2 protein chains.
Amino acid sequence: MPFTELLNTLMPPAERMRWEACLARHAQDYARNSDLVREGAVPEKMHIVLAGWAQRYKQLEDGRRQILGFVLPGEVCNLDLFTLMRADHSIAAVRTLTVAEIDRDEVERLLLDCPHLARILCLGEIIAKSRQHEWILSLGQRVAIERVAHLLCEIFERERLRGRVRGQRCDFPPTQAQIAEAVGLTPVHVNRMLHELRRGQRVEIANRRLFVPDFDALAQVATFDARYLHGGEAEQLPARASALFDKDAPAGVRPPPLGAPPSSSYRRRPHPPSQAQAR
Amino acid sequence: MPFTELLNTLMPPAERMRWEACLARHAQDYARNSDLVREGAVPEKMHIVLAGWAQRYKQLEDGRRQILGFVLPGEVCNLDLFTLMRADHSIAAVRTLTVAEIDRDEVERLLLDCPHLARILCLGEIIAKSRQHEWILSLGQRVAIERVAHLLCEIFERERLRGRVRGQRCDFPPTQAQIAEAVGLTPVHVNRMLHELRRGQRVEIANRRLFVPDFDALAQVATFDARYLHGGEAEQLPARASALFDKDAPAGVRPPPLGAPPSSSYRRRPHPPSQAQAR
DNA sequence: CGCGACGTTGACCTACCTCAATTGGCGTGG
DNA sequence: CCACGCCAATTGAGGTAGGTCAACGTCGCG
């Protein structure tokens, strides 16, 4: 498993074992749709997803609910634990879910003992923020079919980076209603979009599994650009993360994206060719 | 000015002066719509808004643009500087803008010398994240009039927390087209929503100024709940922030919100008749 | 074998978009 | 001081993406 090997590279075996032992010791199961963290509560424990998916969400008083993002196996739900503020959103199990629950003291000890681990978790937070930004772009600007396709691309690519895609397939537990809550559409309309994608040979979802025969084709309908997931940056983590904590700074290597000057019309606004100059 | 006094409480005068001197020394002007930070670039300097507004945004290849948030005077644009990754979004001037530009070395020295400052900036980042979550909720679930009203509520409340509201009025530089890019609507439709809000005596926008005669009424239209802005948490900052860096942990005091259980299968519950009209 | 959750489909409706023209404010140059 | 020109705001008419409602199919499971 490439990701596992990668982790070995990034974390000394001692840290790695300490971490995994800790996870194993605190495993905990949740039933589908039950909350791990409730908005407004002061979080007591840090949650790490071991198996299954979790979903972050917020809701309005009248019940409208928006999913902010999915937490996949191996990812941390709430590092924000340490801010000690009340949670600004809830976290629930998408389906049957196993997490490790580690309380504050232990997390603290763990992070002190495992500097590499701390860096990896920090990088995870930064990438999560980048995903939030893309999520906003999606909700605000993409049309229905792009939104759905984009979500599938994101999931598939994240799973791929973790080495959990085989034969163009990966796990995909959410129901269509949950997809709908994630992309801000109606379950009915999500169903139609999935149907359309299926007709076009873009995706197949069955038995909680996602099948993507031609990723590039799907990415094209989604206007998906994987850069925001910072895939492959983990390899550069040691250098970069050390900059976070130590001093000097070798930057990652990556071609800058185009600053495409737009088209025409009202909404798709031609924003003036802005130069990044002062004065 | 209450906010200034607050800062004095939070930061020893020495730190405070060091910080402000630093800001003053590096002032820099930008023309409306010019970029301070371009997506994909490695940020060289940290930007702090001194006067005017900045906007974070992302765009699609075809020109569709989504504003991720506004940066108000006194706020920091990109603390993420230290991650040393390429910027995942661009930042531009809403209108004529003055910022302080501080390069990495100096920021580093500053933060080492001013631990209180560092804590305040960290808290700012956390609150920014909370705002992002609310922004997602808005784009995904609120209808047009709620979205626009919610944006105005957020701005107004943030300005109020900073002590910049007088006589129910505060600065409001963005054009309707920029509002549209922020809330994911068309400029035309934003115009109509503003018109409706004006007819209902909810807001008045003129001469780059926002007037809110009855905040609660506006908040009701928007389903706005100020909690996510963490107003008043700055007062608790010393205690809380120290927990971030030191050890033990007095939590903030704040009533938990309701955790409305999920409803039926379908999406839009009959949201309360948002009567923003004649009244 | 019957219930309950999920997926699917059709008919219809409306919130929001598109296109297009007009108005008003304001800075600039004559 | 006025006329021009530009940009933002405004308004109307008509179109469509996506929502709503409601029924039916299907699968898993006790």
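Residues numbered from 1 in each chain as written. Chains lettered and ligands numbered in written order. Predicted model: local features only at pLDDT ≥ 70, side-chain atom pairs only at ≥ 80, totals over all residues.

Asks: If you had to explain the overall build of chain A to someone new, which residues and values would you point to?
Replies: Within chain A one finds 9 helices and 10 strands. Residues counted as buried form 41% of the 279 residues belonging to chain A. Intrachain contacts of chain A at a sequence separation of at least 6 include 74% that bridge at least 24 residues. (Helix = DSSP H or I, 4+ residues; strand = E, 2+ residues; numbered from the N terminus. Buried ≥ 20, exposed ≤ 12 C-beta atoms within 10 Å, placed from the backbone. Contact = placed C-beta atoms within 7 Å.)

Asks: Tell me about the sheet that holds strand β4 (residues 54–59) of chain B, and please be specific about residues and values.
Replies: Residues and elements named next belong to chain B. Within the open sheet, the 4 strands sit side by side as β2-β6-β4-β5. Their pairing is antiparallel. Looking along the sheet, the strands with just one partner apiece sit at the ends: β2 (35–37) and β5 (65–71). Strand-to-strand, the axes of this sheet are offset by a mean angle of 35 degrees, without reference to chain direction. Where β2 lies against strand β6 (residues 90–93), 2 bridges are found, and the strand directions are antiparallel. (Pairing = 2+ DSSP bridges. Axes fitted to C-alpha atoms, helices over the stretch in contact; angles between N-to-C directions.)

Asks: Describe the pairing of strand β4 (residues 54–59) of chain A, naming the residues involved and giving the relevant values.
Replies: Residue and element names in this part refer to chain A. With respect to burial, β4 is a largely interior element, 6 of its 6 residues being buried. In this sheet, strand β5 (residues 65–71) lies alongside β4 in antiparallel orientation, the contact comprising 6 bridges. The residue of β5 that forms the bridge with A54 is V71. Joining the antiparallel neighbours β4 and β5 is a turn of 5 residues, in which G63 adopts a positive phi near 105 degrees. Strand direction decides the pairing type here: β4 and strand β6 (residues 90–93), joined by 4 bridges, are antiparallel. Bridge pairing links R56 to I91 in β6.

Asks: Give a detailed account of the packing of helix α5 (residues 144–161) of chain A against helix α6 (residues 176–183) of chain A, specifying residues and quantitative values.
Replies: Residues and elements named next belong to chain A. One can describe the packing of α5 onto α6 by two numbers: an axis separation of 10 Å at closest approach and a directional angle of 105 degrees. With respect to their mutual orientation, α5 and α6 come out roughly perpendicular. Residues R147, V148 and L151 of α5 form the contact with α6, whose participating residues are I179, A182 and V183. Of the residues contributing to the contact of α5 with α6, the split by class is 5 nonpolar, no polar and 1 charged. (Parallel < 35°, antiparallel > 145°, perpendicular 65-115°, else oblique. Nonpolar A, V, L, I, M, F, W, Y, C, P; charged D, E, K, R; others polar.)

Asks: Can you tell me about helix α8 (residues 215–222) of chain B, naming the residues and giving the values?
Replies: An α-helical segment advances 3.6 residues per turn. Residues three or four places apart therefore align on the same side. Residues and elements named next belong to chain B. The set of residues buried in α8 consists of L218, A219, V221 and A222. For α8, the angular spread of buried residues about the axis comes to 160 degrees, placing them on one side. Its buried side turned inward, α8 meets α5 (144–161). (Arc of directions from axis to C-beta.)

Asks: For the packing of α5 of chain A against helix α7 (residues 187–199) of chain A, give the residues involved together with the corresponding values.
Replies: All names here are of chain A. Relative orientation of the contacting elements α5 and α7 amounts to 75 degrees, with a least axis distance of 10 Å. Between α5 and α7, the interaxial angle falls into the category roughly perpendicular. The segment α5 lies against α7, with A144, I145, V148 and A149 engaging H189, V190, M193, L194, E196 and L197. Per-class residue counts for the contact of α5 with α7 are 8 nonpolar, 1 polar and 1 charged.

Asks: Go over unusual backbone geometry, please, and point to the residues and values.
Replies: All names here are of chain B. Phi at Q168 is positive, roughly 65 degrees, even though this residue is not glycine. Locating Q168 in the fold gives a position in the loop between α5 and β8 (169–171). Phi at H230 is positive, roughly 55 degrees, even though this residue is not glycine. Considering the arrangement of structural elements, one finds H230 in the loop between α8 and α9 (237–245). Classification of H230 by C-beta neighbours within 10 Å gives buried; the count is 23.

Asks: Mind laying out the sheet that holds strand β10 (residues 209–211) of chain A, listing which residues take part and the relevant values?
Replies: All names here are of chain A. If you trace the 3 strands from one edge of the open sheet to the other, you get β8-β10-β9, paired in antiparallel fashion. The open sheet has two free edges, formed respectively by β8 (169–171) and β9 (204–206), since each of these has just one partner strand. The sheet shows a mean angle of 20 degrees between the axes of neighbouring strands, taken without regard to direction. Where β9 and β10 come together, 3 bridges link them in antiparallel fashion. Each residue of the ladder has a partner; that of A206, found in β10, is R209.

This is a description of form; function is not addressed.
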